[in-house]
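In case you want the letters, here they are:
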Amino acid sequence: MPDPLKPDPIAVRDRLIVALDMASPGEAERLIERLGDSASFYKIGYRLGYAGGLALAERLVAGGAKVFLDLKLHDIGNTVEEGVQSLARLGAHLLTVHAYPQTMRAAVRGRDAVAGSALRLLAVTVLTSYDDADAREAGYALPVSDLVAVRTLAAREIGIDGIVCAATEAAQVRDLVGPDRLIVTPGIRPAGSDTGDQKRVVTPAAAIRAGVDHIVVGRPITAASDPRGVAQRIVAEMADAL
Ligand SMILES: O=c1ccn([C@@H]2O[C@H](COP(=O)(O)O)[C@@H](O)[C@H]2O)c(=O)[nH]1
């Protein structure tokens, strides 16, 4: 049966995931309306998730959109397992957990406990706001690219469905996970846009050329005066790169 999240080929518009980092569901819904048919896949993270975003996720799924819950779970195994079970029942398509083996194993148990769930798990390897100095400061002796590789291999062995990394590591991750697992990359910036707190930044075209399945874009779209126009240009840039 074809994988709904990884059809061959993935429609170019579905490759863009818009990060709805808004203060309320109302604000997010206004953005979605402005985006119109330029976007079909939305990410809900801490800001919106803790402010009514999970109910919005259910409404978006019911309306036919794809939803990525970027909740980056990390806790004792039992808590992660039960949390993933609750989230799997919401009908969302993607959920992040941090790429710690205990956490990933628990998340897989939670995913597998909910029959018929469409939920796919993504392991966050190393946040795109980290460079080697940040990893060192956090106590890791390995450079970011090595840490991403170690965590990707663990995720693959444990049965996680996809990897979150920067597109700077996408080609290396693709070699490690093969063609079927998802690679999702935040830290995407159209040429010339403000990088903000992101450190491992790549353009939409370069990400696609590196073998990424989906790019995540927040502020370049949400802070734009014409979010629909920016989204359309990003999709066109990806189409040219394919
Ligand atoms: O490594 C990671 C994991 C998640 N994110 C999330 O993606 C978006 C990026 O937003 P921008 O405004 O385009 O920077 C945001 O919701 C992060 O929480 C990430 O950036 N890096």
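Note that the structure is a prediction, hence the values are computed from the model and not measured.

Undergrad: How would you summarise the environment of Gly77 if you had to cite specific residues and measurements?
TA: Inspection of the secondary structure assignment puts Gly77 in helix 3 (residues 77–88). Overall, Gly77 belongs to the buried group, its relative accessible area being 15%. Expressed as a C-alpha distance, the spacing of Gly77 and Ala154, which sit 77 residues apart in the sequence, is 16 Å. The contact partners of Gly77, leaving out residues within four places of it in the chain, are Gln102 and Ala106.

Undergrad: Describe the sheet that holds strand 6 (residues 162–164), and please don't skip the residues or the numbers.
TA: Pairing is parallel around the closed barrel formed by eight strands, whose spatial order is 1-2-3-4-5-6-7-8. Between one strand and the next, the sheet's axes are offset by a mean angle of 25°, whatever the strand orientation. Pairing geometry for strand 4 (residues 94–98) and strand 5 (residues 120–124), over five bridges, is parallel. Considered in strand 5, the bridge of Leu95 is made with Leu121. Sheet strands in contact with helix 4 (residues 101–113) are strand 3 (66–73), strand 4 and strand 5, and its direction is about 150° off that of strand 4.

Undergrad: Lay out helix 2 (residues 46–62) in plain terms, naming residues and giving numbers.
TA: Helix geometry: helix 2 is bent most strongly at Gly52, by close to 90°. Leu48, Gly49, Gly53, Leu56, Ala57 and Leu60 are the residues of helix 2 that are buried. Its buried side turned inward, helix 2 meets helix 1 (25–35), strand 2 (41–44) and strand 3. Immediately beyond the C-terminal end of helix 2, within one or two residues, lies Gly64, with a positive phi of roughly 100°.

Undergrad: I'd like a description of the UniProt feature "domain: Orotidine 5'-phosphate decarboxylase" (unreviewed entry) in the protein, backed by residues and values.
TA: Residues annotated by UniProt as "domain: Orotidine 5'-phosphate decarboxylase" (unreviewed entry) correspond here to residues 15–234. Secondary structure across residues 15–234 divides into 45% helix and 17% strand, with the first and last C-alpha atoms of the span separated by 10 Å.

Undergrad: With reference to specific residues and values, describe the pairing of strand 5.
TA: Buried residues dominate strand 5, accounting for four of its five residues. Crossover connection from strand 4 via helix 4 to parallel strand 5: handedness right-handed. Of the strand pairs in this sheet, strand 5 and strand 6 are connected by three bridges, and their pairing is parallel. Of the residues in strand 6, the one forming a bridge with Leu122 is Gly162.

Undergrad: I'd like a description of the site of the ligand, backed by residues and values.
TA: Close contacts around the ligand come from 15 residues, with Asp21, Lys43, Thr128, Gln198 and Arg219 the closest. In this structure, an oxygen atom belonging to the ligand sits 2.7 Å away from a side-chain N or O atom of Lys43. Expressed as a share of its isolated accessible area of 470 Å², the protein-covered part of the ligand is 88%. The cavity that encloses the ligand is the largest pocket.

Undergrad: Outline the packing of aromatic side chains, supporting the account with residue identities and numerical values.
TA: Counting across every chain of the model gives one aromatic pair. For the ring pair Tyr46 and Tyr50, a centre distance of 5.7 Å and an interplane angle of 35° mean the geometry is tilted. Of this pair, Tyr46 and Tyr50 both sit in helix 2, separated by four residues, roughly a single helical turn. Residue Tyr46 is classed as partly exposed on the basis of its relative accessible area, which comes to 42%. Taking NZ or CZ as reference, Lys72 lies 5.6 Å from the ring centre of Tyr46, over its face. Here the guanidinium or amino end of Arg151 rests over the ring plane of Tyr100, the centre of that ring lying 5.1 Å away.

Undergrad: Go over unusual backbone geometry, please, and point to the residues and values.
TA: For Lys72, which is not a glycine, the phi torsion comes out positive at approximately 45°. Mapped onto the elements, Lys72 comes out in strand 3.

Undergrad: Kindly report on the packing of helix 1 against helix 2, identifying the contributing residues and their values.
TA: Between helix 1 and helix 2, the least distance of the axes is 9 Å, while the angle of their chain directions is 50°. Considering their axes alone, helix 1 and helix 2 lie oblique with respect to each other. Contacts between helix 1 and helix 2 involve Pro25, Ala28, Glu29 and Ile32 from the former and Leu48, Ala51, Gly52, Gly53, Leu56, Arg59 and Leu60 from the latter. For the contact of helix 1 with helix 2, the class distribution of residues is seven nonpolar, two polar and two charged.

Undergrad: Could you give an account of the side chain of His93, with specific residues and numbers?
TA: Looking at the secondary structure, you find His93 in the loop between helix 3 and strand 4. Here His93 is in contact with Leu5, Val61, Ala65, Lys66, Val67, Ala118, Leu119 and Arg120, once residues within four sequence places are set aside.

Cut-offs applied
- Residues numbered from 1 in each chain as written.
- Predicted model: local features only at pLDDT ≥ 70, side-chain atom pairs only at ≥ 80, totals over all residues.
- Heavy atoms only, no water.
- Helix = DSSP H or I, 4+ residues; strand = E, 2+ residues; numbered from the N terminus.
- Buried < 20%, exposed > 50% of the residue type's maximum accessible area, 1.4 Å probe, protein only.
- Contact = heavy atoms within 4.5 Å.
- Pairing = 2+ DSSP bridges.
- Axes fitted to C-alpha atoms, helices over the stretch in contact; angles between N-to-C directions.
- Bend = angle between axes of the 7 residues up to and from the residue.
- UniProt positions renumbered as here; feature names shortened; annotations may be inferred.
- Right-handed = clockwise from strand over helix to strand, strands pointing away.
- Near = heavy atom within 4 Å.
- Polar contact = N/O pair within 3.5 Å; in protein donor to acceptor, adjacent residues only side chain to side chain.
- Areas by Shrake-Rupley, 256 points an atom, 1.4 Å probe, with all protein chains shown as cover.
- 1 Å grid on protein atoms, 1.4 Å probe; cavity = no way out; pocket = protein on both sides within 12 Å on 5 of 7 lines; lining within 4 Å.
- Sits in = over half its atoms within 2 Å of the grid points.
- Phe/Tyr/Trp six-rings, centres within 6.5 Å; stacked < 30°, edge-to-face > 60°.
- Lys NZ or Arg CZ within 6 Å of the ring centre and 35° of its normal.
- Parallel < 35°, antiparallel > 145°, perpendicular 65-115°, else oblique.
- Nonpolar A, V, L, I, M, F, W, Y, C, P; charged D, E, K, R; others polar.

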